[in-house]
Structure formats: C-alpha cells, structure tokens
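Spelled out from the first residue to the last, the chains are:
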Amino acid sequence: MNDERRVRVVLADDHSAIREGLRMVLEASGRISVVGEASDGAAAVSAATRLRPDVVLMDVRMPQVDGIAATESITSSTDVRVLVLTTFGLDDYVLGALAAGASGFLLKTASGAELVDGTLRVAAGDAVLDAEVARVVVDAMRGRPAAVVPDLSALTDRERDVLAGVGAGLSNAQIARRLEIGESTVKTHVSRVLMKLDAPSRVQAAVVAVQAGLV
C-alpha cells in the first residue's frame, strides 16, 4: 500500500522513545504513515498546519503549550482530527480534551491493535473513547443540571437512533448493523445530526446523547 492510500499521522509527545514506539506500531499495520513528529504543543500545531495530516496523536502533558491547548488550536483552524493519547485518565484532562475538539481519547496502556484501530476510526470520522474515559464522560455529563439537556426536536426518529449509537461509542459499521441500514446511510445521518445539533465533532455529539439520556 503506497503512502497516498495510507492514513497520514503526526505524533506529538515530548518523549522521543514513545514517539518511536508509536511510529513502529502504527506503520507496522501497513495502513498508516507517520509524516511528522512534534515534541511540544506549539510544534504539534505547526506540524498539523504545515503537513495537514489526517490525524494528530496528541499527548496531554507537554512543555510550553500543552496538548489540550494545541488540540483546540488545531481543531479550530484546520480540519485535522486529534486523537488524544495519554497516561492520564483524570476528569479534567478528559473533559478538557473533548471540549477542545478532540475526536477521541485513548490511554497509553491501549494495545497496539487498539491504537491502530483508534487512529483509523478517527481518520474515518468516528469517535473513539477508551472504556475508562467513556465512564468519566458519562458520569460528568449525567451530573450536570437538567437545564443543559439539549433540544433534540429537530432530529428525526432515525437520527435519534443514530445519535444514541454515537453516544454508545459505536462505529458507523456497528450502528449500521444495529439499525439494519447501510453504512453510507449512517454516515449521512451522522452528518445531519452534527449539523442540526451544531456539534463540532462526533465526540461532542456523543456527549449530547448522554446529556439527553439516550445512552
């Protein structure tokens, strides 16, 4: 498989050994090319802007500009997707990264297969949340007052079903199987849901699903 058909990734982590390990795991899949590296948040923003990869794998704790600030800068100024990868599963980091527009959040304890799958899913427009991270999000959202529950009246019944699948962390393929519809139809519904909810990413839509009690 040539580079043009591979998912293009930038690695952002302040430890070179971790970047090297990630590069080996991702490129061994034959489906991903690492096109750049960054050792701090500012460099990550620069690389994302210059190289326009499909995905940035972003560490949270980095010098100068941290991963959350870098994520917000990237997602607000480019169409590059960010998958946050960290050893920390603390609530503030999770919610901060998601609020900044990250498309997913995995812990560094994830297996090589999970890293590859998560990267490919984020590149394809899916949301990716580690199970532990998902619990943090669900607990935090459920703890908010009812006043913040979103209005879903603009959604059709099918769009609500799709949103529930997104909130459950399902991929488009999994939602398609659950609802017995085509995957391309799911993609269309997801796009309409994001537009109607004014949600900047699939992860934010998942949060809305939790707030609305669909999950």
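Above this text sits the structure in question.
Read on for a plain summary of the structure.

### Side note on the overall build of the chain
Logical step 1: Along the backbone of the chain there are 10 helices and six strands.
Logical step 2: Scored against the burial criterion, the 215 residues of the chain give a buried share of 47%.
Logical step 3: In the chain, once contacts between residues fewer than 6 apart in sequence are set aside, the share between residues at least 24 apart is 67%.
Logical step 4: Here the chain displays about 10100 Å² of accessible surface, and carbon together with sulfur accounts for 49% of that area.

### Some words on the sheet that holds strand 4 (residues 81-86)
Logical step 1: Taken together, the six strands give an open sheet; going across it, the order is 2-1-3-4-5-6, and neighbouring strands pair in parallel fashion. Each edge of the open sheet is held by one strand with a lone partner, namely strand 2 (32-38) and strand 6 (128-129).
Logical step 2: Two elements, strand 4 and strand 5 (residues 104-107), share four bridges in a ladder whose sense is parallel. Considered in strand 5, the bridge of Leu 85 is made with Leu 106.
Logical step 3: Of the strands in this sheet, strand 1 (7-12), strand 2, strand 3 (55-58) and strand 4 are in contact with helix 1 (residues 16-28), which crosses strand 2 at around 165 degrees.
Logical step 4: Packing of helix 5 (residues 112-123) onto the sheet brings it into contact with strand 1, strand 2, strand 3, strand 4, strand 5 and strand 6, and relative to strand 4 it is tilted by some 155 degrees.

### Considering the packing of helix 7 (residues 157-167) against helix 10 (residues 202-211)
Logical step 1: Where helix 7 contacts helix 10, the two axes come as close as 8 Å, and the packing angle between them is 105 degrees. Between helix 7 and helix 10, the crossing angle belongs to the class labelled roughly perpendicular. In this structure, helix 7 contributes Leu 163, Val 166 and Gly 167 to the contact, and helix 10 contributes Arg 202, Ala 205, Ala 206, Val 208 and Ala 209.
Logical step 2: Here the residues of the contact of helix 7 with helix 10 are counted per class, giving six nonpolar, one polar and one charged.

### A short note on unusual backbone geometry
Logical step 1: Residues other than glycine seldom take positive phi values, yet Gln 64 does so here, at roughly 65 degrees.
Logical step 2: Within the fold, Gln 64 resides in the loop between strand 3 and helix 3 (67-77).
Logical step 3: Phi is positive for Glu 180, close to 60 degrees, though the residue is something other than glycine.
Logical step 4: By the element assignment, Glu 180 lies in the loop between helix 8 (172-179) and helix 9 (183-197).
Logical step 5: Glu 180 gets classed as exposed once you look at its relative accessible area, which sits at 73%.

Conventions used here
Residues numbered from 1 in each chain as written. Predicted model: local features only at pLDDT ≥ 70, side-chain atom pairs only at ≥ 80, totals over all residues. Heavy atoms only, no water. Helix = DSSP H or I, 4+ residues; strand = E, 2+ residues; numbered from the N terminus. Buried < 20%, exposed > 50% of the residue type's maximum accessible area, 1.4 Å probe, protein only. Contact = heavy atoms within 4.5 Å. Areas by Shrake-Rupley, 256 points an atom, 1.4 Å probe, with all protein chains shown as cover. Pairing = 2+ DSSP bridges. Axes fitted to C-alpha atoms, helices over the stretch in contact; angles between N-to-C directions. Parallel < 35°, antiparallel > 145°, perpendicular 65-115°, else oblique. Nonpolar A, V, L, I, M, F, W, Y, C, P; charged D, E, K, R; others polar.

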